[in-house]
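# Descriptive structure summary
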Amino acid sequence: MKKQIELYQDNFITEARYEMTETERNIMYMVISQVRPDDPLNKIYQVSIKEIASVMGSEEIYYDAYKKATAKIVTRLVEGYLPNGDFLQTTFAASATYKKGTGIIEIELSRKIRPFYVELKEKFTKIQLQAAMMLQSIHAKRIYELLCMYKT
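Please read these numbers as outputs of a predicted model, since none were measured by experiment.

Among the 11 residues of helix 2 (residues 22-32), nine are classified as buried, and the element is accordingly described as predominantly covered. Three or more residues of helix 2 are buried, namely Glu 24, Arg 25, Asn 26, Ile 27, Met 28, Tyr 29, Met 30, Val 31 and Ile 32.

Put into structure tokens, the structure is as follows:
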């Protein structure tokens, strides 16, 4: 039996306002699954489009959709209130590259967003990667994240 991959994100991300397509969110789930606290700040994470399809249980791969998604990920605004009352506006990624002909996407997390995946102390959300990726709409994914936040 395949081990369940768990993702962790600060509740700021779970509760923040942002818009994303299902494809963009799946890419970010795959990036988040690779993030480790000891990674250098400018680490480039690689995601395989074939691996995304495999996790989703799909044989179909729409390369153009992923190419468009990588272009949008760096412009998606994430905004919300921090515990100290400050209002943060940032993006998920500092850069995204679709490596033509390889099926590989390279993502560099934004310097402001990275701590919400690595500096987890009390209020964070644990998400099952495969469960989240199998959901068929971005709304279902967001509701799943919110429910996971309140699970414990």
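Turning our eyes to something else, we now look at the pairing of strand 4 (residues 87-91). Alternating positions in strand 4 separate cleanly, Leu 88 and Thr 90 being buried on one face and Phe 87, Gln 89 and Thr 91 remaining unburied on the opposite face. Across five bridges, the pairing between strand 3 (residues 77-81) and strand 4 is antiparallel. Opposite Val 78, over in strand 4, you have Thr 90 as the bridge partner. The loop that links strand 3 with its antiparallel partner strand 4 comprises five residues; one of these, Gly 85, has a positive phi angle of about 95°.

Taking 1.5 Å per residue as the helical rise, helix 7 (residues 138-151) with its 14 residues ought to reach 20 Å, and the 20 Å between its terminal C-alpha atoms agrees with that figure. Of the residues making up helix 7, those classed as buried are Ile 138, Lys 141, Arg 142, Tyr 144, Glu 145, Cys 148 and Met 149. With its buried residues spanning 160° around the axis, helix 7 presents them on a single face. Among the exposed residues of helix 7, those pointing more than 90 degrees away from its buried face are His 139, Ile 143, Leu 147, Tyr 150 and Lys 151. Against strand 1 (6-10), helix 1 (11-15), helix 2, strand 7 (124-128) and helix 6 (129-134) lie the buried residues of helix 7.

Let us now look at the environment of Ser 137. Along the chain, the position of Ser 137 falls in the loop between helix 6 and helix 7. On a C-alpha basis, the gap between Ser 137 and Gly 101 in space is 28 Å, while along the polypeptide they are 36 residues apart.

Further remarks concern the pattern of salt bridges. For the coordinates displayed, the defined rule picks out five salt bridges. For Arg 17, the salt bridge goes to Glu 79, with nearest N and O atoms at 3.3 Å. Of this pair, Arg 17 sits in the loop between helix 1 and helix 2 while Glu 79 sits in strand 3; the two residues are 62 residues apart in sequence, bridging distant segments of the chain. Taking relative accessible area as the criterion, Arg 17 reaches 52% and is therefore assigned exposed. With its nearest N and O atoms 2.7 Å apart, the salt bridge here joins Glu 24 to Arg 76. With a gap of 52 residues between them, Glu 24 in helix 2 and Arg 76 in the loop between helix 4 (63-73) and strand 3 connect regions that are remote in the sequence. The class for Arg 76 is buried, based on a relative accessible area of 16%.

Once that is clear, we can look at the packing of aromatic side chains. Centre-to-centre distance and the angle between the planes together describe a pair of aromatic rings. Under the defined criterion, the tally for this structure stands at four aromatic pairs. A centroid spacing of 5.9 Å and a plane angle of 65° characterise the contact between Tyr 8 and Phe 124, whose relative ring orientation is edge-to-face. You can see Tyr 8 sitting in strand 1 and its partner Phe 124 sitting in strand 7, a full 116 residues away along the chain. Of the residues examined, Tyr 8 reaches a relative accessible area of 33% and is grouped as partly exposed. In this structure, Arg 142 packs its charged tip against the face of Tyr 18, placed 4.0 Å from the ring centre.

Between two packed helices, what matters for the description is the angle formed by their axes and the separation of those axes. The geometry of helix 2 relative to helix 7 is characterised by a closest axis approach of 9 Å and an angle of 40° between their N-to-C directions. It follows from the interaxial angle that helix 2 and helix 7 lie oblique. In contact with Glu 22, Arg 25, Asn 26 and Tyr 29 of helix 2, helix 7 contributes Ile 138, Lys 141 and Glu 145. Of the residues assigned to the contact of helix 2 with helix 7, the class counts are two nonpolar, one polar and four charged.

Cut-offs applied
- Residues numbered from 1 in each chain as written.
- Predicted model: local features only at pLDDT ≥ 70, side-chain atom pairs only at ≥ 80, totals over all residues.
- Heavy atoms only, no water.
- Buried < 20%, exposed > 50% of the residue type's maximum accessible area, 1.4 Å probe, protein only.
- Helix = DSSP H or I, 4+ residues; strand = E, 2+ residues; numbered from the N terminus.
- Pairing = 2+ DSSP bridges.
- Expected span 1.5 Å × (residues − 1).
- Arc of directions from axis to C-beta.
- Contact = heavy atoms within 4.5 Å.
- Salt bridge = Lys/Arg side-chain N within 4 Å of Asp/Glu carboxyl O.
- Phe/Tyr/Trp six-rings, centres within 6.5 Å; stacked < 30°, edge-to-face > 60°.
- Lys NZ or Arg CZ within 6 Å of the ring centre and 35° of its normal.
- Axes fitted to C-alpha atoms, helices over the stretch in contact; angles between N-to-C directions.
- Parallel < 35°, antiparallel > 145°, perpendicular 65-115°, else oblique.
- Nonpolar A, V, L, I, M, F, W, Y, C, P; charged D, E, K, R; others polar.

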